[in-house]
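# Inside the fold
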Amino acid sequence: MAVDSLLSSPLGPPACENDAEALQFIEEMTRNADLVQEKVLAEILSRNATTEYLQRFKLNGATDRETYKSRVPVVNYEDLQPEIQRIANGDRSAILSAHPISEFLTSSGTSAGERKLMPTIKEELDRRQKLYSLLMPVMNLYVPGLNKGKGLYFLFVKSETKTPGGLLARPVLTSYYKSEHFKTRPYDPYNVYTSPNEAILCADSFQSMYTQMLCGLYEREQVLRLGAVFASGLIRAIRFLQLNWPQLAHDIRTGSLNPKVSDPSVRDCMTRIMKPDPELADFVTNQCSTDNWEGIITKIWPNTKYLDVIVTGAMAQYIPTLEYYSGGLPMACTMYASSECYFGLNLNPMCKPSEVSYTIMPNMAYFEFLPHEPNSSGLTRDSPPRLVDLVDVELGKEYELVITTYAGLCRYRVGDILRVTGFHNSAPQFHFVRRKNVLLSIDSDKTDESELQKAVEDASQLLRGFNTSVVEYTSYADTKTIPGHYVIYWELLVKESANSPSNEVLEQCCLAMEESLNSVYRQGRVADNSIGPLEIRVVKSGTFEELMDYAITRGASINQYKVPRCVSFTPIMELLDARVVSAHFSPSLPHWTPERRR
Ligand code: AMP
């Protein structure tokens, strides 16, 4: 219930005093977006004025946008690699940032097959925390009574490593969950989780998921919202329940914890939560033992008001599956963030997934926008890039996001393409269009065209002894299976039919492709179990010519036709699937260790 005595916000009446403050902050930031941006840039440039990187561009103390834009180049990760490598190797001088780099955040975007290393500084945690603190006040405007129950969130930490120079390297959420900001967060009735910290912080993904699910089942009637960071994670949790409900029901019936959960701190905390509850065990058994899992989320957690999960961008492919399991519950995409920087939030979180727009918060970093022209890099020597400021983007246009962060990334291309859908006060709102150069994605993995090409080349080496080659290929992210998996269609040229490659050889080709793919893919396969075995579907010869004929009948130019390296259009999939002569799956897991190869 909204508190009438509180100052109402243009966004709506706040639910409590804390919310009023947060909503007022959003108003202030978005009303004064340009001024805030000017200040943020001046602050970053003055504190980092003596860094080696900025000194190189002779700003001579200037902190204004014009000088900055005219002297400092727009860069990508590869451009910064030498500086990043030096920091990773232990050089503590002020290379990118005057504040010490506290750790590296490992992005799911990769460079040369390994996660990109994003430098960060201690105070960035406060900035991220600030953005998190705005999410519930906005949600409370749309969904009343969230203080009357809990959130069942499947949250996980991933493995971390140290760079040669001794800095931690880990994903941004692992860094956040392990921080005091998260672990000792003050009690907030609007933000209570069923998962205990011990379960979230357990590095073993089975033990962590098992205990988080168990707690969610025990508290099933209190659960008002259910989520994971990305849709793929929530679907993985449902799949986990499908596979493990008999043991979970057994634990609930007896009040004793599965011995596979061996982490002492998790066991210790679960003994305080668990008690024998035969009635609940019967309920779980009844619900889960049927074949029909349609609407299972609302059956088990009947008070759930919405799913809190990102289903924009690559995650949109999971919307139908989540609709099936949740009986059509609303899906809230609350925020847009990355390892480089957290960007902003959705001010209308209960809107349809297709209508989600994120409002970039101008206090998070200095933002620029590179007009995005399809089929062009946006940067050519003849015409220098004309980047526009946050408040100057135009409705309906697409841009690539470029950021300057407090941690020392200057005019850094994030690689996300955004479209302007409107404004809140003077702050633009963006639809996430896509990430550049991503062909295939199941979970947080991102495989681009050259990685796929190399994987096909590596795997096809195994066909040499059979006088066979891959003449054409394309791919598809199959999310009908859980977990989803990559499907690669191969058209083969077999020169001696008596010596054609066997099923075993083609299975080894699947594995060879997986070995060749980047470390985020392999981590998903090995540690997270979020990606299933890669599949090669061999299609009969002439299939890709048919594919071209089909494209030409639909208006493609015969001269410019290129084989699409990824397909998702149903008629094309049907054409390909109708020509499949054999299907082969990777027989084992590829190699993956937390250590970086370079
Ligand atoms: P990472 O650096 O691994 O944390 O990945 C960050 C990237 O994930 C962003 O640059 C986006 O491409 C994607 N991403 C993050 N949040 C969203 C969102 N709300 N919707 C769509 N894509 C997102």
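Calculation notes
Residues numbered from 1 in each chain as written. Predicted model: local features only at pLDDT ≥ 70, side-chain atom pairs only at ≥ 80, totals over all residues. Heavy atoms only, no water. Helix = DSSP H or I, 4+ residues; strand = E, 2+ residues; numbered from the N terminus. Rg over C-alpha atoms; globule rule 2.2 N^0.38 Å. Buried < 20%, exposed > 50% of the residue type's maximum accessible area, 1.4 Å probe, protein only. Contact = heavy atoms within 4.5 Å. Areas by Shrake-Rupley, 256 points an atom, 1.4 Å probe, with all protein chains shown as cover. Lys, Arg positive; Asp, Glu negative; His and termini not counted. Charge placed at Lys NZ, Arg CZ, Asp CG, Glu CD. Pairing = 2+ DSSP bridges. Axes fitted to C-alpha atoms, helices over the stretch in contact; angles between N-to-C directions. UniProt positions renumbered as here; feature names shortened; annotations may be inferred. Near = heavy atom within 4 Å. Polar contact = N/O pair within 3.5 Å; in protein donor to acceptor, adjacent residues only side chain to side chain. Nonpolar A, V, L, I, M, F, W, Y, C, P; charged D, E, K, R; others polar. Expected span 1.5 Å × (residues − 1). Salt bridge = Lys/Arg side-chain N within 4 Å of Asp/Glu carboxyl O. Core = buried A, V, L, I, M, F, W, Y, C linked by side-chain atoms within 4.5 Å. Phe/Tyr/Trp six-rings, centres within 6.5 Å; stacked < 30°, edge-to-face > 60°. Lys NZ or Arg CZ within 6 Å of the ring centre and 35° of its normal.

Time to look at the overall build of the protein chain. Per the secondary structure count, the protein chain includes 20 helices and 20 strands. Its C-alpha atoms give the protein chain a radius of gyration of 25 Å, near enough to 25 Å, the size a compact globule of 598 residues would have. A total of 598 residues make up the protein chain; the buried ones form 55% of that total. Long-range contacts, defined here as pairs at least 24 residues apart, represent 68% of the contacts in the protein chain between residues at least 6 apart. With an accessible surface of roughly 25500 Å², the protein chain has 51% of that area assigned to carbon and sulfur atoms. Separation of charge centres in the protein chain, based on 61 positive and 72 negative side chains, amounts to 2 Å.

An order of β17-β18-β19-β20 is seen for the 4 strands of this open sheet, with the pairing classed as mixed. Here the strands that pair on one side only, and so sit at the sheet edges, are β17 (468-478) and β20 (580-585). Neighbouring strand axes in the sheet, compared pairwise and without regard to direction, differ in orientation by 25° on average. Relative to β20, strand β19 (residues 535-539) runs antiparallel, the two being bridged by 5 bridges. Bridge assignment links Glu 535 to a residue of β20, and that residue is Phe 585.

Taken in spatial order, the 8 strands of this open sheet run β9-β10-β11-β16-β15-β14-β12-β13, and their pairing is antiparallel. At either end of the open sheet lies a strand with only one pairing partner, and these are β9 (335-337) and β13 (388-389). As defined by bridge partners, β9 adjoins strand β10 (residues 342-345) across 3 bridges and the pair is classed as antiparallel. Within the sheet, the bridge partner assigned to Met 335 lies in β10 and is Leu 345. Running at roughly 10° to β10, helix α6 (residues 124-142) makes contact with β9 and β10 of the sheet.

Turning next to the UniProt feature "domain: GH3 C-terminal" (unreviewed entry) in the protein chain. Here the UniProt-annotated "domain: GH3 C-terminal" (unreviewed entry) positions come out as residues 451-569. Segment residues 451-569 splits into 36% helix and 22% strand. End C-alpha atoms: 22 Å apart.

Before going further, it helps to spend a moment on the site of the ligand. Taken together, 16 residues form the shell around the ligand, and within it Ser 108, Thr 312, Met 335, Ser 339 and Asp 416 come nearest. At 3.4 Å, a side-chain N or O of Ser 107 approaches an oxygen atom of the ligand. Within the contact set of the ligand, a nitrogen atom lies 2.9 Å away from a backbone nitrogen or oxygen of Met 335. Taken by itself the ligand offers 500 Å² of open surface, and the protein chains cover 89% of this. It is β9 that provides the largest number of residues to the shell around the ligand, a total of 3 residues. Per-class residue counts for the shell around the ligand are 7 nonpolar, 6 polar and 3 charged.

To continue, consider helix α10 (residues 205-218). Along its 14 residues, α10 runs 20 Å from first to last C-alpha, staying within 8% of the 20 Å computed at 1.5 Å per residue. Here α10 lies mainly inside the structure; 12 of its 14 residues are buried. If you check which residues of α10 are buried, you get Gln 207, Ser 208, Met 209, Tyr 210, Thr 211, Gln 212, Met 213, Leu 214, Cys 215, Gly 216, Leu 217 and Tyr 218. A side-chain oxygen of the first residue of α10 lies 3.1 Å from the backbone nitrogen of Phe 206; this N-cap is Asp 204.

Take the pattern of salt bridges next. Tallying each qualifying case throughout the model produces 38 salt bridges. For Asp 91, the salt bridge identified is with Arg 86, shortest N-O distance 3.1 Å. A relative accessible area of 29% means that Arg 86 is categorised as partly exposed. Note that Arg 579 and Glu 546 form a salt bridge whose closest N and O atoms lie 2.6 Å from each other.

With that out of the way, let us pick up the nonpolar core. If you look at the biggest cluster of nonpolar residues, it comprises 151 residues, and the most contacted ones within it are Leu 241, Trp 301, Phe 367, Phe 369, Leu 401, Trp 490 and Met 513. Counting residues per element, this core draws most heavily on helix α11 (residues 231-254), at 11 residues. For Leu 401, the residues in contact, after removing those within four places along its chain, are Tyr 336, Phe 343, Ile 360, Phe 367, Glu 368, Phe 369, Tyr 412, Arg 413, Val 414, Gly 415, Asp 416 and Leu 418.

Another point: unusual backbone geometry. Of note, the amide linkage connecting Ile 482 to Pro 483 takes the cis form, showing an omega dihedral of -5°. Notably, Ala 112 is not glycine yet its phi reads approximately 50°, a positive angle. Note on placement: Ala 112 falls in the loop between β1 (103-111) and β2 (114-120). A positive phi is found at Asn 425, a non-glycine position, where the angle reads about 55°. The exposure class assigned to Asn 425 is partly exposed, which follows from its relative accessible area of 35%.

Further remarks concern the packing of aromatic side chains. Scanning the entire structure with this criterion turns up 20 aromatic pairs. Taken together, Tyr 132, Tyr 153, Tyr 176, Tyr 177, Phe 182, Tyr 193 and Tyr 342 form an aromatic cluster joined through their ring pairs. A cation sits over an aromatic face here: Arg 127 above Tyr 406, 3.5 Å from the ring centre. Stacked on the ring of Phe 283, the Lys or Arg Arg 220 has its end atom at 3.6 Å from the ring centre.

Another aspect to go through is the environment of Val 356. The residue Val 356 is located in the loop between β10 and β11 (358-360) in this model. Each C-alpha atom, one on Val 356 and one on Leu 345, is 10.0 Å from the other, the two residues being 11 residues apart in sequence. Discounting residues that sit within four places of it in the chain, Val 356 has contacts with Thr 312, Cys 333, Asn 346, Cys 351, Phe 430 and His 431.

Residue position: Val 402 is located in strand β14 (residues 398-404). Note: C-alpha distance between Val 402 and Glu 221 (181 residues apart in sequence) is 44 Å. Residues within four places of Val 402 in sequence aside, it is in contact with Val 74, Tyr 366, Phe 367, Glu 368, Leu 370, Leu 387, Arg 411, Tyr 412 and Arg 413.

Bringing the side chain of Glu 451 into the picture now. Summarising the element assignment, Glu 451 is placed in helix α16 (residues 449-460). Buried within the structure, Glu 451 lacks any salt-bridge partner; its nearest side chain of opposite charge belongs to Arg 522, at an N-O separation of 8.7 Å. Polar side-chain contacts of Glu 451 include one of 3.3 Å to the side chain of Thr 110. The contacts of Glu 451, once residues within four sequence positions are left out, are Thr 110, Lys 446, Leu 517 and Asn 518.

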